[in-house]
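Now for the letters of each chain:
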Amino acid sequence: KDIAIISRVGKPICFKVLAIEYDDNGGATAILSRRSAQMECLHKYLMCLDPGDIIPARITHLEHFGAFVDVGCGIASLLSIDCISVSRISHPKDRFYIGMPIKAIVKSIDRETGRIYVTHKELLGTWEENASRFRVGQTVVGIVRSVEQYGIFIELAPNLAGLAEYKEGISVGQSVAVYIKNIIPERMKIKLVIIDSCKGEQNTMKMEYYVSSDKEHLDYWRYSPVGTAKIIESRFSS
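The shown structure was predicted, so the numbers you read here are calculated from the model rather than taken from an experiment.

Asker: Whenever I open this one, the overall build of the chain confuses me. Can you help?
Answerer: Across its full length, the chain carries 3 helices and 14 strands. Relative to the compact-globule value of 18 Å for 238 residues, the chain shows a C-alpha radius of gyration of 22 Å, a clear excess of over 25%. Each principal axis of the C-alpha atoms in the chain carries an extent, and together these give about 80 × 40 × 30 Å. Per-residue burial over the chain gives 42% buried out of 238 residues. Counting contacts in the chain only where the partners sit at least 6 residues apart, residues at least 24 apart contribute 60% of the total. Surface exposure of the chain reaches about 13,900 Å², of which carbon and sulfur atoms provide 52%.

And the structure:
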């Protein structure tokens, strides 16, 4: 059972060839080590990173509290659910799928244990960058993320949600058509009116990264527009 878990049957893994042994008939057997490859990746790549570095990663496992990502050679890092996006989700499956390639930012590194923690929301754009895609009077499609007595939160983009008045028959995960009633940057508010809803759940929304492909590091990120009372920001330091 343990060997089956380690081997990840049917999935590609990294390893180092330690030796090649030959039998009396000339048949060759390669002696492989996954641990040796991981230790080299850890010391020559991961431990050389700094908080704020943008790295490629791949989703390997989803739990209610977050997603585990492969940050190199099968080494796992935890991406907690609150670091996935600004727009709230009930489960990481609302944003990711197993095997999905993503970008991530190194949040912190414990150099004694070799553990690396990553974040993702800072790559999905600020409030203003996301809101600039919409205008008052427009009708768009969103996904219901939360239903409260005082209103319904609807995701318009992975880092942007608006609030509509409560309406019977609407449930979390539903895809809805909404009318944009107002956009208020100084309060980071978007007021919506639900026009129609679709049966079933959509859950996932296409992600768009707001960083150039050649950018490799981020020192500071601020989600909130200038002048807002509520400040949402991230600072990265070694």
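Asker: Honestly, helix 2 (residues 34-44) in this entry has me stumped. Any pointers?
Answerer: Along an α-helix, residues three or four positions apart point the same way, because every turn accommodates 3.6 residues. Within the span of helix 2, buried status applies to Ala37, Gln38, Cys41 and Leu42. Down the axis of helix 2, the buried side of the element spans an arc of 135°, and every buried residue falls inside it. Turned more than 90 degrees from where helix 2 packs its buried face, Arg35 and Lys44 sit exposed. Residues of helix 2 that are buried sit in contact with strand 1 (16-22), strand 2 (28-33), strand 4 (66-72) and strand 5 (75-80). The N-capping residue of helix 2, defined by a side-chain oxygen 2.9 Å from the backbone nitrogen of Ser36, is Ser33.

Asker: Please clarify how the pairing of strand 2 should be interpreted in this entry.
Answerer: Where a strand is regular, its side chains alternate between the two sheet faces. Pairing analysis gives 6 bridges linking strand 1 to strand 2, with the strands arranged antiparallel. Bridged to Lys16 within strand 2 is Ser33.

Asker: So what exactly am I meant to see when it comes to the packing of aromatic side chains here?
Answerer: The geometry of an aromatic ring pair is captured by the separation of the ring centres together with the interplanar angle, meaning the angle of the planes. Under the definition given, this model contains 3 aromatic pairs. Look at Phe65 and Phe68: their rings are 6.1 Å apart centre to centre, the planes differ by 90°, and that puts the pair in the edge-to-face class. Residue classification places Phe68 among the partly exposed positions, given a relative accessible area of 26%.

Asker: How do you make sense of the nonpolar core when you look at a structure like this?
Answerer: Soluble globular proteins tend to pack their nonpolar side chains together in the buried interior. Grouped together as the largest cluster of nonpolar side chains are 29 residues, with contacts concentrated most on Leu46, Ile59, Val71, Phe96 and Ile102. Elements represented by at least two residues in this core include exactly helix 2, strand 3 (54-63), strand 4, strand 5, strand 6 (101-110) and strand 7 (115-119). The contacts of Ile59, once residues within four sequence positions are left out, are Ala67, Phe68, Val69, Phe96, Tyr97, Ile98, Gly99, Met100 and Ile102.

Asker: What am I meant to see in a nonpolar patch on the surface here?
Answerer: Nonpolar side chains collect at one region of the surface, where Ile13, Phe15, Val17, Ile20, Tyr22 and Leu32 lie side by side and expose about 590 Å² of accessible area between them. Of all the elements, strand 1 adds the most residues to the nonpolar patch, at 3 residues. Along the chain, Ile13 turns up in the loop between helix 1 (2-7) and strand 1.

Asker: I would appreciate a short explanation of the pattern of salt bridges in the present structure.
Answerer: Any two side chains of opposite charge can pair if their charged atoms end up close together. Per the counting criterion, the structure on display carries 7 salt bridges. Residue Glu155 is joined to Arg95 by a salt bridge in which the shortest nitrogen-to-oxygen separation is 3.0 Å. You can see Glu155 sitting in strand 9 (residues 151-157) and its partner Arg95 sitting in the loop between strand 5 and strand 6, a full 60 residues away along the chain. Both residues of the pair, Glu155 and Arg95, belong to the buried class. Linking Glu233 and Arg235 is a salt bridge whose minimum nitrogen-to-oxygen distance equals 3.9 Å. By relative accessible area, which is 36% here, Glu233 ends up partly exposed. For Arg235, a relative accessible area of 63% gives the class exposed. Here the residues in one salt-bridge network are Asp94, Arg95, Arg145 and Glu155, joined through shared partners.

Asker: Hey, could you run me through a positive patch on the surface in this one?
Answerer: Where like charges cluster on the molecular surface, the positive patch consists of Arg88, Lys181, Arg187, Lys189, Lys191 and Lys230. Residue position: Lys230 is located in the loop between strand 13 (220-222) and strand 14 (233-235).

Asker: Would you take a moment to explain the side chain of Gln174 for this structure?
Answerer: One can find Gln174 in strand 11 (residues 174-184). A distance of 2.9 Å separates a polar side-chain atom of Gln174 from the backbone nitrogen of Ser171.

Asker: Quick question: what am I supposed to make of the confidence of the model for the chain here?
Answerer: Residues shown with low pLDDT carry predicted positions that ought not to be read at fine detail. On average, residues of the chain score 91 in pLDDT, and 95% of them reach the 70 mark or higher. Looking over the chain, one finds the lowest element-wise mean pLDDT in helix 1, namely 55, and the highest in strand 10 (residues 160-164), namely 97.

What counts, and where the lines are drawn
Residues numbered from 1 in each chain as written. Predicted model: local features only at pLDDT ≥ 70, side-chain atom pairs only at ≥ 80, totals over all residues. Heavy atoms only, no water. Helix = DSSP H or I, 4+ residues; strand = E, 2+ residues; numbered from the N terminus. Rg over C-alpha atoms; globule rule 2.2 N^0.38 Å. Buried < 20%, exposed > 50% of the residue type's maximum accessible area, 1.4 Å probe, protein only. Contact = heavy atoms within 4.5 Å. Areas by Shrake-Rupley, 256 points an atom, 1.4 Å probe, with all protein chains shown as cover. Arc of directions from axis to C-beta. Polar contact = N/O pair within 3.5 Å; in protein donor to acceptor, adjacent residues only side chain to side chain. Pairing = 2+ DSSP bridges. Phe/Tyr/Trp six-rings, centres within 6.5 Å; stacked < 30°, edge-to-face > 60°. Core = buried A, V, L, I, M, F, W, Y, C linked by side-chain atoms within 4.5 Å. Patch = residues over 30% accessible without salt bridge, like charges linked within 9 Å, V, L, I, M, F, W, Y side chains within 5 Å. Salt bridge = Lys/Arg side-chain N within 4 Å of Asp/Glu carboxyl O. Lys, Arg positive; Asp, Glu negative; His and termini not counted. Charge placed at Lys NZ, Arg CZ, Asp CG, Glu CD. pLDDT = per-residue confidence, 0-100.

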